[in-house]
Amino acid sequence: MTISASLRRQVVERADNRCEYCGLSQAGQEALFHVDHIVPVAAGGQTTLDNLALACVSCSLRKGAREEVVDPQTGKLVSLFHPRRDSWHSHFKWDGFRVVGLTPAGRAAVGALQMNRPLVLAIREEESHRHRHPPPTS
Ligand SMILES: [Zn+2]
């Protein structure tokens, strides 16, 4: 699926150049963040602004084509956090360098996307010295 340069630019600007799942800033990362289809193309998702989100490589690859993931607290399948429809701060909060899921969708996303892997925690600590963590609240 080809995403035009202008569409990519709009997605990047709207996301403030951060992963819309884990909040990581593209600024300090070598790997180019993905423009992710929230509803996968295979499931009928369109390549339009309202179905696209900026995602770091780690979140993008772990999300893959999934729209539902398991809430580790209840074992139930829940809708994955949807960056266009859901507010990040309603589903997640920061606890230092860790992302904490506040809702079933939030907990499920933290688990499925492995948002608190040791490497990511180390990157967030580094980013805090550059004033890029935590992300500014919007
Ligand atoms: Zn991410």
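Small disclaimer: the values here were computed from a predicted structure and weren't measured.

Each value, and the rule that gives it
Residues numbered from 1 in each chain as written. Predicted model: local features only at pLDDT ≥ 70, side-chain atom pairs only at ≥ 80, totals over all residues. Heavy atoms only, no water. Donors = N, O, S within 2.8 Å, 3.2 Å for Na, K, Ca; no water. Tetrahedral: all angles 85-135°; square planar, octahedral: opposite > 155°, others 65-115°. Helix = DSSP H or I, 4+ residues; strand = E, 2+ residues; numbered from the N terminus. Buried < 20%, exposed > 50% of the residue type's maximum accessible area, 1.4 Å probe, protein only. Phe/Tyr/Trp six-rings, centres within 6.5 Å; stacked < 30°, edge-to-face > 60°. Pairing = 2+ DSSP bridges. Salt bridge = Lys/Arg side-chain N within 4 Å of Asp/Glu carboxyl O. Contact = heavy atoms within 4.5 Å.

### Some thoughts on the coordination of the zinc ion
The coordination sphere of the zinc ion, as far as protein atoms go, consists of Cys19 (SG), Cys22 (SG), Cys56 (SG) and Cys59 (SG), spread over 2.3 to 2.4 Å. Here the zinc ion is ringed by four donor atoms whose angles at the metal span 102 to 116°, and the overall shape comes out tetrahedral.

### Some details on the environment of proline 134
Of note, proline 134 is situated in the segment after helix H5 (118-129). When its relative accessible area of 49% is taken as the criterion, proline 134 is described as partly exposed. Proline 134 sits 35 residues away from valine 99 along the chain, and the two C-alpha atoms are 10 Å apart.

### Observations concerning the packing of aromatic side chains
Following the criterion strictly, the structure yields four aromatic pairs and no others. On the numbers, 5.0 Å between centres and 35° between planes, the contact of tryptophan 88 with phenylalanine 92 is tilted. Comparing tryptophan 88 with phenylalanine 92 shows no difference in burial state: the two are buried. The structure contains a cluster of three or more aromatic residues connected by ring pairs, namely Tyr21, Phe81, Trp88, Phe92 and Trp94.

### Some words on the pairing of strand S2 (residues 52-55)
Residues Leu52 and Leu54 of S2 are buried on one face, and the alternating residues Ala53 and Ala55, pointing to the opposite face, are buried as well. With four bridges connecting them, strand S1 (residues 34-37) and S2 associate as antiparallel partners. Within S2, the residue paired with histidine 34 across the bridge is alanine 55.

### Considering the pattern of salt bridges
Under the definition given, this model contains six salt bridges. Two residues, aspartate 36 and lysine 63, come together in a salt bridge whose shortest N-O distance is 3.4 Å. Taken as a pair, aspartate 36 in strand S1 and lysine 63 in helix H2 (residues 57-63) lie far apart in primary sequence, 27 residues in all. Using a relative accessible area of 7% as the deciding quantity, one classes aspartate 36 as buried.

### Here we look at the side chain of histidine 82
When you line up the elements, histidine 82 lands in the loop between strand S4 (77-79) and helix H3 (88-91). Assessed through its relative accessible area of 11%, histidine 82 is described here as buried. Not counting chain neighbours up to four residues away, the residues in contact with histidine 82 comprise Ile38 and Asp50.

### Here we look at the pairing of strand S5 (residues 92-95)
Bridge analysis of S5 against strand S6 (residues 98-101) gives four bridges, and the strand direction is antiparallel. For aspartate 95, the partnering residue across the bridge sits in S6 and is arginine 98. The hairpin turn running from S5 into S6, its antiparallel successor, is two residues long, and glycine 96 in that turn takes a positive phi close to 65°.

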